Amino acid sequence: MNAQLLTGLIAAVGLLANLAMGSGVAAQDGHAAHAEPADHGHHHADFASDRMHVRVDGAEGGKDIILIPGLSSSPEVWDGTVEHLGNGWRVHRIHIQGFAGAPAEANATGPVAAPVAEEIARYITEQGLDKPAVVGHSMGGTIGMMLAARHPALVGKLMVVDMVPFMGAMFGPPGTTAQSVAPIAEQVYQGMSNSPADAYRTQAVASVTGMIATESKRAGPIEDTINSDQQVSSSAFRELILTDLRPELSKITAPTEVVYVKFNDPRMTPEITDAIYQASFASLPAVTLKRIDDAAHFVFLDQPDQFNAELDAFLAK
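Rules used throughout
Within each chain, residue numbers correspond to sequence positions counted from 1 in written order. Reporting of local features is limited, given that this is a predicted model, to residues whose pLDDT is at least 70; pairs of side-chain atoms are given and counted only at 80 or more, and all residues count toward the totals for whole chains, interfaces and linings. Heavy atoms from the whole structure form the basis of all side-chain values; hydrogens and water molecules are not counted. Labels follow the DSSP assignment, with helices taken as runs of H or I lasting at least four residues and strands as runs of E lasting at least two, numbered in each case from the N terminus. Between buried and exposed lies partly exposed: a residue is buried under 20% and exposed over 50% of the maximum accessible area for its type, with that area taken using a 1.4 Å probe on protein chains only. In this description, strands pair whenever DSSP reports at least two bridges between them. The salt bridge definition used is simple: a Lys or Arg side-chain nitrogen within 4 Å of an Asp or Glu carboxyl oxygen. For every residue, the pLDDT score states the predictor's confidence, bounded by 0 at the bottom and 100 at the top. Should any heavy atoms of two residues lie within 4.5 Å, those residues are considered in contact.

## With respect to unusual backbone geometry
Here Ala100, not a glycine, exhibits a phi torsion of approximately 50°, which is positive. You can see Ala100 is positioned in the loop between β4 (89-96) and α3 (113-127). One non-glycine residue, Asp162, adopts positive backbone phi at about 55°. Here Asp162 lies in the loop between β6 (157-161) and α5 (182-194).

## Quick look at the pairing of β4
In terms of burial, β4 is a largely internal element, 8 of the 8 residues being buried. Side-chain alternation along β4 places Trp89, Val91, Arg93 and His95 on one buried face and Arg90, His92, Ile94 and Ile96 on a second face that is also buried. Bridge count for strand β2 (residues 52-57) against β4 is 6 bridges, and the pairing is antiparallel. Paired with Val56 across the two strands is His92, which belongs to β4. Bridging between strand β3 (residues 63-68) and β4 involves 5 bridges; their strand directions are parallel. What sits directly across from Ile65, in β4, is Val91.

## Overview of the pattern of salt bridges
One pass over the structure, following the stated rule, counts 14 salt bridges. One salt bridge in this structure joins Asp64 and Arg90, with 2.8 Å as the shortest N-O distance. Remark: Arg90 occurs in strand β4 and Asp64 occurs in strand β3; sequence separation between them is 26 residues. Side by side, Asp64 and Arg90 carry an identical accessibility label, which is buried. The partner of Arg291 in a salt bridge is Asp293, and the shortest N-O contact between them spans 2.8 Å.

## Concerning the confidence of the model for the protein
The pLDDT averaged across the protein works out to 88; a share of 87% of its residues lies at or above 70. Taken as a whole, residues 1-41 scores under 50 in pLDDT and shows 95 contacts with residues more than four places along the chain or in a different chain.

The following block contains the structure:
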(Lines give C-alpha, C1' and ligand atoms only; values in the text may rest on other atoms or scores of the structure.)
Protein backbone atom coordinates (compact mmCIF):
# COMPACT_ATOMS: atom_id res chain seq x y z
CA MET A 1 0.00 0.00 0.00
CA ASN A 2 1.49 3.37 -0.97
CA ALA A 3 2.06 6.20 1.49
CA GLN A 4 -0.73 8.37 0.09
CA LEU A 5 -3.31 5.64 0.51
CA LEU A 6 -2.05 4.90 4.02
CA THR A 7 -2.41 8.58 4.91
CA GLY A 8 -5.95 8.48 3.60
CA LEU A 9 -6.82 5.46 5.67
CA ILE A 10 -5.47 7.11 8.81
CA ALA A 11 -7.49 10.24 8.02
CA ALA A 12 -10.62 8.11 7.73
CA VAL A 13 -10.25 6.88 11.30
CA GLY A 14 -11.21 10.24 12.77
CA LEU A 15 -14.19 10.54 10.45
CA LEU A 16 -15.52 7.10 11.34
CA ALA A 17 -14.96 7.64 15.05
CA ASN A 18 -17.12 10.75 14.87
CA LEU A 19 -19.74 8.80 12.94
CA ALA A 20 -19.65 6.14 15.64
CA MET A 21 -20.37 8.62 18.38
CA GLY A 22 -23.11 10.32 16.40
CA SER A 23 -24.93 7.29 15.09
CA GLY A 24 -25.52 5.72 18.47
CA VAL A 25 -27.67 8.43 19.97
CA ALA A 26 -30.57 7.19 22.05
CA ALA A 27 -33.90 8.67 23.01
CA GLN A 28 -34.68 8.89 26.72
CA ASP A 29 -36.40 5.51 26.71
CA GLY A 30 -35.36 4.20 23.29
CA HIS A 31 -38.60 2.26 22.89
CA ALA A 32 -41.13 4.77 21.63
CA ALA A 33 -43.72 3.52 19.17
CA HIS A 34 -42.75 4.37 15.60
CA ALA A 35 -44.98 7.04 14.14
CA GLU A 36 -45.97 6.49 10.51
CA PRO A 37 -46.28 9.50 8.19
CA ALA A 38 -49.71 10.77 7.21
CA ASP A 39 -49.38 9.47 3.64
CA HIS A 40 -50.36 5.81 3.97
CA GLY A 41 -49.78 4.26 0.56
CA HIS A 42 -48.25 1.24 2.24
CA HIS A 43 -48.81 -1.57 4.69
CA HIS A 44 -46.68 -3.75 6.92
CA ALA A 45 -45.89 -7.22 5.65
CA ASP A 46 -47.42 -10.18 7.41
CA PHE A 47 -44.07 -11.39 8.71
CA ALA A 48 -43.34 -12.14 12.36
CA SER A 49 -39.82 -11.27 13.46
CA ASP A 50 -38.21 -9.91 16.62
CA ARG A 51 -35.35 -8.47 14.54
CA MET A 52 -37.16 -6.30 12.00
CA HIS A 53 -40.45 -5.42 10.38
CA VAL A 54 -41.12 -4.60 6.75
CA ARG A 55 -43.02 -1.71 5.20
CA VAL A 56 -44.39 -2.53 1.75
CA ASP A 57 -45.21 0.14 -0.85
CA GLY A 58 -46.78 -0.58 -4.22
CA ALA A 59 -49.24 -3.03 -5.67
CA GLU A 60 -48.84 -6.77 -5.59
CA GLY A 61 -47.44 -8.04 -8.85
CA GLY A 62 -44.86 -5.29 -9.19
CA LYS A 63 -41.17 -6.01 -9.48
CA ASP A 64 -39.73 -6.55 -6.01
CA ILE A 65 -36.97 -4.41 -4.53
CA ILE A 66 -35.73 -4.42 -0.94
CA LEU A 67 -34.36 -1.19 0.56
CA ILE A 68 -32.23 -1.49 3.73
CA PRO A 69 -31.41 1.71 5.64
CA GLY A 70 -28.24 2.30 7.60
CA LEU A 71 -27.33 2.48 11.27
CA SER A 72 -30.03 4.22 13.34
CA SER A 73 -32.04 5.08 10.22
CA SER A 74 -35.71 4.55 9.42
CA PRO A 75 -37.46 3.41 6.23
CA GLU A 76 -38.41 7.04 5.61
CA VAL A 77 -34.88 7.90 4.44
CA TRP A 78 -35.89 6.11 1.22
CA ASP A 79 -39.03 8.19 0.62
CA GLY A 80 -37.54 10.00 -2.38
CA THR A 81 -36.26 6.77 -3.88
CA VAL A 82 -39.65 5.09 -3.53
CA GLU A 83 -41.38 8.07 -5.12
CA HIS A 84 -38.92 7.96 -7.99
CA LEU A 85 -39.37 4.23 -8.59
CA GLY A 86 -43.11 4.76 -8.91
CA ASN A 87 -45.58 2.31 -10.42
CA GLY A 88 -44.41 -1.12 -11.42
CA TRP A 89 -42.36 -1.71 -8.29
CA ARG A 90 -43.28 -3.34 -5.01
CA VAL A 91 -40.88 -1.86 -2.49
CA HIS A 92 -40.01 -3.69 0.73
CA ARG A 93 -38.41 -1.30 3.24
CA ILE A 94 -36.68 -2.87 6.21
CA HIS A 95 -37.09 -1.30 9.66
CA ILE A 96 -34.57 -2.78 12.07
CA GLN A 97 -35.78 -3.22 15.64
CA GLY A 98 -34.11 -0.71 17.94
CA PHE A 99 -33.65 1.92 15.25
CA ALA A 100 -35.75 5.05 14.76
CA GLY A 101 -38.29 4.38 17.50
CA ALA A 102 -38.84 0.65 16.95
CA PRO A 103 -38.57 -1.43 20.15
CA ALA A 104 -35.24 -3.22 20.47
CA GLU A 105 -36.68 -6.72 21.02
CA ALA A 106 -34.08 -9.39 20.09
CA ASN A 107 -31.59 -6.74 18.96
CA ALA A 108 -31.21 -5.49 22.54
CA THR A 109 -28.02 -7.53 22.98
CA GLY A 110 -25.44 -9.05 20.68
CA PRO A 111 -25.00 -8.72 16.90
CA VAL A 112 -27.60 -6.95 14.80
CA ALA A 113 -26.56 -6.94 11.13
CA ALA A 114 -25.93 -10.68 10.72
CA PRO A 115 -29.22 -11.79 12.34
CA VAL A 116 -31.15 -9.22 10.30
CA ALA A 117 -29.55 -10.53 7.10
CA GLU A 118 -30.80 -14.01 8.00
CA GLU A 119 -34.28 -12.64 8.67
CA ILE A 120 -34.33 -10.91 5.29
CA ALA A 121 -33.41 -14.24 3.69
CA ARG A 122 -36.33 -15.84 5.53
CA TYR A 123 -38.60 -12.98 4.46
CA ILE A 124 -37.69 -13.44 0.79
CA THR A 125 -38.38 -17.16 1.02
CA GLU A 126 -41.62 -16.99 3.00
CA GLN A 127 -43.05 -14.11 0.96
CA GLY A 128 -42.19 -15.89 -2.29
CA LEU A 129 -40.10 -13.06 -3.72
CA ASP A 130 -38.34 -14.06 -6.94
CA LYS A 131 -34.75 -12.80 -6.83
CA PRO A 132 -35.52 -9.23 -5.72
CA ALA A 133 -33.10 -6.39 -6.23
CA VAL A 134 -31.50 -5.36 -2.92
CA VAL A 135 -30.24 -1.86 -2.14
CA GLY A 136 -28.51 -1.16 1.17
CA HIS A 137 -27.07 2.08 2.53
CA SER A 138 -24.14 2.04 4.97
CA MET A 139 -24.90 -0.71 7.52
CA GLY A 140 -27.68 -1.68 5.14
CA GLY A 141 -24.98 -2.25 2.54
CA THR A 142 -23.21 -4.61 4.94
CA ILE A 143 -26.46 -6.50 5.46
CA GLY A 144 -26.97 -6.63 1.70
CA MET A 145 -23.50 -8.09 1.18
CA MET A 146 -24.12 -10.68 3.91
CA LEU A 147 -27.42 -11.63 2.30
CA ALA A 148 -26.01 -11.91 -1.22
CA ALA A 149 -22.91 -13.86 -0.12
CA ARG A 150 -24.64 -16.26 2.27
CA HIS A 151 -27.83 -16.74 0.25
CA PRO A 152 -26.76 -16.09 -3.35
CA ALA A 153 -29.76 -17.85 -4.88
CA LEU A 154 -32.15 -15.36 -3.26
CA VAL A 155 -30.75 -12.07 -4.59
CA GLY A 156 -31.25 -10.83 -8.14
CA LYS A 157 -29.14 -7.69 -7.99
CA LEU A 158 -27.24 -5.89 -5.24
CA MET A 159 -26.45 -2.20 -4.86
CA VAL A 160 -24.25 -1.17 -1.94
CA VAL A 161 -24.42 2.53 -1.09
CA ASP A 162 -21.35 4.08 0.53
CA MET A 163 -20.02 1.09 2.45
CA VAL A 164 -16.86 -1.03 2.33
CA PRO A 165 -16.80 -4.76 3.19
CA PHE A 166 -14.44 -4.32 6.16
CA MET A 167 -14.88 -1.04 8.00
CA GLY A 168 -12.40 -2.20 10.64
CA ALA A 169 -9.58 -1.58 8.14
CA MET A 170 -10.17 2.13 8.72
CA PHE A 171 -9.35 1.75 12.41
CA GLY A 172 -5.86 0.30 12.07
CA PRO A 173 -2.71 0.11 9.95
CA PRO A 174 -2.40 -1.90 6.72
CA GLY A 175 -2.96 -5.57 7.44
CA THR A 176 -5.51 -4.90 10.18
CA THR A 177 -7.72 -7.92 10.87
CA ALA A 178 -10.97 -8.36 12.76
CA GLN A 179 -8.96 -9.88 15.60
CA SER A 180 -6.41 -7.09 15.79
CA VAL A 181 -9.05 -4.34 15.70
CA ALA A 182 -11.18 -5.98 18.42
CA PRO A 183 -9.79 -3.83 21.29
CA ILE A 184 -10.60 -0.66 19.34
CA ALA A 185 -14.07 -1.95 18.55
CA GLU A 186 -14.64 -2.62 22.24
CA GLN A 187 -13.39 0.85 23.15
CA VAL A 188 -15.78 2.43 20.64
CA TYR A 189 -18.62 0.28 21.95
CA GLN A 190 -17.97 1.24 25.58
CA GLY A 191 -17.79 4.91 24.68
CA MET A 192 -21.07 4.78 22.79
CA SER A 193 -23.03 2.60 25.19
CA ASN A 194 -21.98 4.44 28.35
CA SER A 195 -22.19 8.05 27.21
CA PRO A 196 -24.99 10.24 28.64
CA ALA A 197 -27.97 10.70 26.33
CA ASP A 198 -27.50 14.47 26.20
CA ALA A 199 -23.94 14.06 24.97
CA TYR A 200 -25.16 11.71 22.25
CA ARG A 201 -27.82 14.15 21.15
CA THR A 202 -25.28 16.92 20.80
CA GLN A 203 -22.92 14.71 18.82
CA ALA A 204 -25.79 13.40 16.68
CA VAL A 205 -26.53 16.84 15.30
CA ALA A 206 -22.84 17.39 14.48
CA SER A 207 -22.40 13.96 12.93
CA VAL A 208 -25.54 13.99 10.79
CA THR A 209 -24.61 17.47 9.65
CA GLY A 210 -21.37 15.99 8.35
CA MET A 211 -23.13 13.05 6.73
CA ILE A 212 -25.74 15.11 4.83
CA ALA A 213 -24.53 18.13 2.89
CA THR A 214 -28.04 19.39 2.11
CA GLU A 215 -29.28 21.25 5.18
CA SER A 216 -32.97 20.81 4.37
CA LYS A 217 -32.58 17.00 4.34
CA ARG A 218 -31.05 16.62 7.81
CA ALA A 219 -34.07 16.84 10.12
CA GLY A 220 -35.47 13.34 9.49
CA PRO A 221 -32.19 11.44 9.88
CA ILE A 222 -31.37 13.45 13.01
CA GLU A 223 -34.75 12.51 14.49
CA ASP A 224 -34.18 8.86 13.53
CA THR A 225 -30.83 8.89 15.27
CA ILE A 226 -31.96 10.44 18.53
CA ASN A 227 -34.93 8.04 18.63
CA SER A 228 -32.74 4.94 18.25
CA ASP A 229 -31.90 2.62 21.11
CA GLN A 230 -28.44 3.41 22.47
CA GLN A 231 -27.46 -0.20 23.16
CA VAL A 232 -28.66 -1.47 19.78
CA SER A 233 -26.77 1.22 17.90
CA SER A 234 -23.66 0.66 20.01
CA SER A 235 -23.70 -3.10 19.48
CA ALA A 236 -24.36 -2.71 15.78
CA PHE A 237 -21.45 -0.34 15.31
CA ARG A 238 -19.07 -2.66 17.14
CA GLU A 239 -20.28 -5.47 14.89
CA LEU A 240 -19.60 -3.38 11.79
CA ILE A 241 -16.02 -2.70 12.87
CA LEU A 242 -15.43 -6.42 13.46
CA THR A 243 -17.15 -7.73 10.32
CA ASP A 244 -14.79 -8.55 7.46
CA LEU A 245 -16.79 -9.63 4.42
CA ARG A 246 -13.89 -9.54 1.96
CA PRO A 247 -13.37 -13.33 2.04
CA GLU A 248 -17.08 -13.82 1.31
CA LEU A 249 -17.41 -11.43 -1.64
CA SER A 250 -16.47 -14.12 -4.15
CA LYS A 251 -19.62 -16.02 -3.15
CA ILE A 252 -21.83 -13.21 -4.46
CA THR A 253 -23.31 -14.19 -7.81
CA ALA A 254 -25.77 -11.31 -8.25
CA PRO A 255 -24.71 -8.35 -10.40
CA THR A 256 -23.30 -5.86 -7.90
CA GLU A 257 -22.72 -2.13 -8.00
CA VAL A 258 -21.19 0.02 -5.27
CA VAL A 259 -22.15 3.70 -5.26
CA TYR A 260 -20.00 5.84 -2.99
CA VAL A 261 -18.81 9.36 -2.22
CA LYS A 262 -15.44 10.84 -1.40
CA PHE A 263 -14.67 10.45 2.28
CA ASN A 264 -15.72 13.59 4.12
CA ASP A 265 -12.26 14.73 5.11
CA PRO A 266 -10.12 17.36 3.33
CA ARG A 267 -7.17 14.98 3.33
CA MET A 268 -9.15 12.35 1.45
CA THR A 269 -8.93 12.99 -2.28
CA PRO A 270 -11.23 11.34 -4.83
CA GLU A 271 -8.24 9.30 -6.00
CA ILE A 272 -7.54 7.97 -2.49
CA THR A 273 -11.22 7.15 -2.03
CA ASP A 274 -11.28 5.32 -5.37
CA ALA A 275 -8.18 3.33 -4.40
CA ILE A 276 -9.71 2.29 -1.08
CA TYR A 277 -12.89 1.03 -2.76
CA GLN A 278 -10.96 -0.75 -5.51
CA ALA A 279 -8.79 -2.53 -2.94
CA SER A 280 -11.74 -3.32 -0.69
CA PHE A 281 -13.75 -5.02 -3.44
CA ALA A 282 -10.82 -6.69 -5.21
CA SER A 283 -12.19 -10.17 -4.47
CA LEU A 284 -15.39 -9.34 -6.41
CA PRO A 285 -13.85 -8.61 -9.82
CA ALA A 286 -17.14 -8.11 -11.68
CA VAL A 287 -18.31 -5.36 -9.33
CA THR A 288 -19.09 -1.91 -10.75
CA LEU A 289 -17.76 0.98 -8.68
CA LYS A 290 -19.36 4.40 -9.16
CA ARG A 291 -18.36 7.56 -7.30
CA ILE A 292 -20.89 10.39 -7.09
CA ASP A 293 -19.36 13.77 -6.33
CA ASP A 294 -20.63 16.76 -4.36
CA ALA A 295 -22.41 14.56 -1.86
CA ALA A 296 -21.90 13.27 1.67
CA HIS A 297 -22.68 9.85 3.18
CA PHE A 298 -26.45 10.05 2.47
CA VAL A 299 -25.75 10.39 -1.25
CA PHE A 300 -29.35 9.67 -2.27
CA LEU A 301 -30.45 12.72 -0.25
CA ASP A 302 -27.68 15.05 -1.45
CA GLN A 303 -27.69 14.03 -5.13
CA PRO A 304 -31.07 12.35 -5.73
CA ASP A 305 -31.06 12.90 -9.49
CA GLN A 306 -27.63 11.34 -9.98
CA PHE A 307 -28.38 8.52 -7.57
CA ASN A 308 -31.74 7.76 -9.17
CA ALA A 309 -30.19 7.76 -12.63
CA GLU A 310 -27.53 5.31 -11.46
CA LEU A 311 -30.18 3.14 -9.78
CA ASP A 312 -32.36 3.15 -12.91
CA ALA A 313 -29.46 2.13 -15.13
CA PHE A 314 -28.45 -0.63 -12.72
CA LEU A 315 -31.97 -2.03 -12.41
CA ALA A 316 -32.40 -1.93 -16.18
CA LYS A 317 -29.32 -4.07 -16.88
